[in-house]
Amino acid sequence: MNPYVLMILLSSLGLGTTLTFASSHWLLAWMGLEINTLAIIPLMAQYHHPRAVEATTKYFLIQATAAAMILFAGTTNAWISGEWDMNNMSSPIAATMIMIALALKIGLAPMHFWMPEVLQGLDLLTGLILSTWQKLAPLALIIQTAQAIDPLLLTTLGLMSTLAGGWGGLNQTQLRKILAYSSIAHMGWMIIVLQYAPQLTLIALGTYIFMTSAAFLTLKSASATKINTLAMIWPNNPTLTAITALVLLSLGGLPPLTGFMPKWLILQEMAKQGLPITATIMALAALLSLYFYLRLCYAMTLTISPNTTNSFTPWRAQMTQSSVPLALSTTIALGLLPVTPAILMLAT
């Protein structure tokens, strides 16, 4: 892609998200979401592959449906209350519609079916943008309007997402689909604690972005898109393989890695709020996710791929991508647990 075109598209992505962040008016927020959607579509379809075009079409239809629902709900609220302000959601029907539309935008269960299919059709870097940056604007709107939304709806969406994300990833062999189900499960963790402690939602979002970036960038460095490929990267780059395994375990939430921090804080908050059954279901759903991460780690580190070479040191190609983002994201994805108190203090 032409670098000037790429620069315009990435600037538009940033502009759309910033516009939504800064807005308190539903029309402006809707406009930001639309700019965001229109900016990523050329990035998704840049490789003229039938799967990429199919994924782009599905994504466009889903996002357009969600945007139309947001506009309709915002108009309904303005009609009832007489103003477009986000903080004045006086109509419960409009608030519920907006929550469902935003859940469709970020792929919360039961509106999650598009996410694995779309991510499977994209290359890893565009998939990374879709899994991280594209979640920011809708999540900002959810956080702003959370007080007007029915708590039962938020809890139901959160529980369904963690369970769907866990169950869905169990039988997958494609890494991008596994990361999509992982994203759905993490979104569930963020949504369920939103009504009790919004700062924990922000901490969970921050750690999710760094862990997912580390996972996508390590898989991009290893050129791996299927579990079979993972079994063959050990001879070529042992260090990268070890780091990838640790990043996946961090995504699963194992201590002493960063991924344990948000899960621990959220479960602690749920127990504090007197919701032991919900906390138990969330913890068991996290075990489902952990199983498929362990499966990937097993394929990577404990299986030996068929090897016909007789030499001890196989030929290694030089990495073509920049290693700074990879190093930064993996460091944060693995080592933030000891500074949990400092992060909590900054967030509150």
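Residues numbered from 1 in each chain as written. Predicted model: local features only at pLDDT ≥ 70, side-chain atom pairs only at ≥ 80, totals over all residues. Heavy atoms only, no water.

- As recorded in an unreviewed UniProt entry, the protein goes by NADH-ubiquinone oxidoreductase chain 2 and comes from Hemibarbus maculatus.
- A UniProt comment under Subcellular location (unreviewed entry) is attached to the protein, and it reads "Mitochondrion inner membrane".
- Listed under Catalytic activity (unreviewed entry) in UniProt, the entry text for the protein is "a ubiquinone + NADH + 5 H(+)(in) = a ubiquinol + NAD(+) + 4 H(+)(out)". (UniProt positions renumbered as here; feature names shortened; annotations may be inferred.)

## A closer look at the overall build of the protein
Next up, step 1: Secondary structure summary: the protein contains 16 helices and 0 strands in total.
Next up, step 2: In summary, the protein has a C-alpha radius of gyration of 20 Å against a globular reference of 20 Å for 348 residues, a match within 12%.
Next up, step 3: Across its three principal directions, the C-alpha atoms of the protein cover 75 × 50 × 35 Å.
Next up, step 4: For the protein, buried positions account for 52% of its 348 residues.
Next up, step 5: Partitioning the contacts of the protein with sequence separation of at least 6, the portion at a separation of at least 24 is 78%.
Next up, step 6: Seen as two clouds, the 12 positive and the 8 negative side-chain charges of the protein have centres 19 Å apart. (Helix = DSSP H or I, 4+ residues; strand = E, 2+ residues; numbered from the N terminus. Rg over C-alpha atoms; globule rule 2.2 N^0.38 Å. Buried < 20%, exposed > 50% of the residue type's maximum accessible area, 1.4 Å probe, protein only. Contact = heavy atoms within 4.5 Å. Lys, Arg positive; Asp, Glu negative; His and termini not counted. Charge placed at Lys NZ, Arg CZ, Asp CG, Glu CD.)

## What about the domain arrangement of the protein?
Next up, step 1: We note that the domain assignment places domain 1 (1-149) and domain 2 (150-307 + 322-347) within the protein.
Next up, step 2: The C-alpha-based centres of domain 1 and domain 2 are spaced at 23 Å.
Next up, step 3: Each side of the interface is counted separately: domain 1 has 31 residues, and domain 2 has 33 residues.
Next up, step 4: In this assembly, domain 1 packs against domain 2 so that about 2,800 Å² is buried in total across both faces, 79% of it on carbon and sulfur atoms.
Next up, step 5: On inspection of domain 1 and its partner domain 2, the count reaches 1 salt bridge. (Domains from an automatic or database assignment. Buried area = accessible area lost by both parts, 1.4 Å probe. Salt bridge = Lys/Arg side-chain N within 4 Å of Asp/Glu carboxyl O.)

## Quick notes on the packing of aromatic side chains
Next up, step 1: A complete count under the given rule lists 3 aromatic pairs for this structure.
Next up, step 2: A centroid spacing of 5.9 Å and a plane angle of 10° characterise the contact between F260 and W264, whose relative ring orientation is stacked. Separated by 4 residues within a single helix, F260 and W264 lie in helix α13 (residues 260-272), roughly one turn from each other.
Next up, step 3: Positioned above the aromatic ring of W189 is the side chain of K263, whose terminal nitrogen or guanidinium carbon lies 5.4 Å from the ring centre. (Phe/Tyr/Trp six-rings, centres within 6.5 Å; stacked < 30°, edge-to-face > 60°. Lys NZ or Arg CZ within 6 Å of the ring centre and 35° of its normal.)

## A few points about helix α15 (residues 323-335)
Think of an α-helix as 3.6 residues a turn; residues three or four steps apart then line up on the same face.
Next up, step 1: Along its 13 residues, α15 runs 18 Å from first to last C-alpha, staying within 8% of the 18 Å computed at 1.5 Å per residue.
Next up, step 2: For α15, the set of buried residues is L326, S329, T330, I332, A333 and L334.
Next up, step 3: Looking at the packing, one finds that the buried side of α15 touches α10 (198-221) and α12 (238-252). (Expected span 1.5 Å × (residues − 1).)

## Here's the deal with the layout of surface pockets
Next up, step 1: Computed from the structure, the second largest pocket encloses a volume of approximately 370 Å³.
Next up, step 2: As for the second largest pocket, its lining consists of 16 residues, of which L10, L43, L125, T126 and I129 are closest to the centre.
Next up, step 3: If you tally residues by element for the lining of the second largest pocket, the top one is helix α6 (residues 124-131), at 4 residues.
Next up, step 4: The class makeup of the residues in the lining of the second largest pocket is 11 nonpolar, 3 polar and 2 charged. (1 Å grid on protein atoms, 1.4 Å probe; cavity = no way out; pocket = protein on both sides within 12 Å on 5 of 7 lines; lining within 4 Å. Points joined across faces, edges and corners; volume = space filled by probe spheres on them. Nonpolar A, V, L, I, M, F, W, Y, C, P; charged D, E, K, R; others polar.)

## Description of the environment of L108
Next up, step 1: Summarising the element assignment, L108 is placed in the loop between α4 (92-106) and α5 (114-120).
Next up, step 2: On the basis of relative accessibility, which here comes to 0%, the residue L108 falls in the buried class.
Next up, step 3: Separated by 19 residues in sequence, L108 and M89 place their C-alpha atoms 22 Å apart.
Next up, step 4: Residue contacts for L108: discarding those within four places in its chain leaves M99, A103, L157, S161, M187, G188 and I191.

## Some points on a nonpolar patch on the surface
Next up, step 1: A cluster of nonpolar side chains, contributed by M1, V5, L6 and L10, occupies part of the molecular surface with about 310 Å² of accessible area.
Next up, step 2: With respect to the secondary-structure elements, L6 resides in helix α1 (residues 3-22). (Patch = residues over 30% accessible without salt bridge, like charges linked within 9 Å, V, L, I, M, F, W, Y side chains within 5 Å. Areas by Shrake-Rupley, 256 points an atom, 1.4 Å probe, with all protein chains shown as cover.)

## Notes on the UniProt feature "transmembrane region" (unreviewed entry) in the protein
Next up, step 1: What UniProt calls "transmembrane region" (unreviewed entry) maps, in this numbering, to residues 59-80, 92-113, 152-171, 178-196, 202-219, 240-261, 273-294 and 326-347.
Next up, step 2: The distance from the first to the last C-alpha atom of residues 326-347 is 25 Å, and the span holds 82% helix and 0% strand.

## Considering the pattern of salt bridges
Next up, step 1: Scanning all chains against the criterion turns up 2 salt bridges.
Next up, step 2: Close ionic contact of K177 with E117 constitutes a salt bridge, the shortest N to O distance being 3.5 Å. Of the two residues, K177 is situated in helix α9 (residues 175-193) and E117 in helix α5; the sequence distance between them amounts to 60 residues.
Next up, step 3: Judged by relative accessible area, K177 falls into the buried class, the value being 17%.
Next up, step 4: Take E117: its relative accessible area is 29%, and that puts it in the partly exposed class.

## So, empty space enclosed by the protein
Leftover empty space is mapped by rolling, across the atoms, a probe with the size of a water molecule.
Next up, step 1: For the structure shown, the criterion picks out 3 cavities of 30 Å³ or more.
Next up, step 2: Within this model, the largest cavity holds a volume of roughly 90 Å³.
Next up, step 3: Lining the largest cavity are 13 residues, and of these Y59, Q63, K105, Q134 and P138 sit closest to its centre.
Next up, step 4: Breaking the lining of the largest cavity down by element, the ones donating at least two residues are α2 (26-44), α3 (50-81), α4 and α7 (133-145).

## A closer look at the environment of H49
Next up, step 1: Mapped onto the elements, H49 comes out in the loop between α2 and α3.
Next up, step 2: By relative accessible area, H49 is classed as partly exposed at 46%.
Next up, step 3: Along the chain, H49 and G121 lie 72 residues apart, while their C-alpha atoms are 8.6 Å from each other.

## Things to note about the environment of K226
Next up, step 1: Relative to the helices and strands, K226 is located in the loop between α10 and α11 (227-230).
Next up, step 2: With near-sequence residues (within four places) excluded, K226 lies in contact with T173, Q174 and L175.

## Considering α9
Next up, step 1: Over its 19 residues, α9 runs 28 Å from end to end, which matches the ideal 27 Å to within 8%, given 1.5 Å per residue.
Next up, step 2: Counting buried residues along α9, 19 of its 19 residues qualify, which places the element largely inside the surrounding structure.

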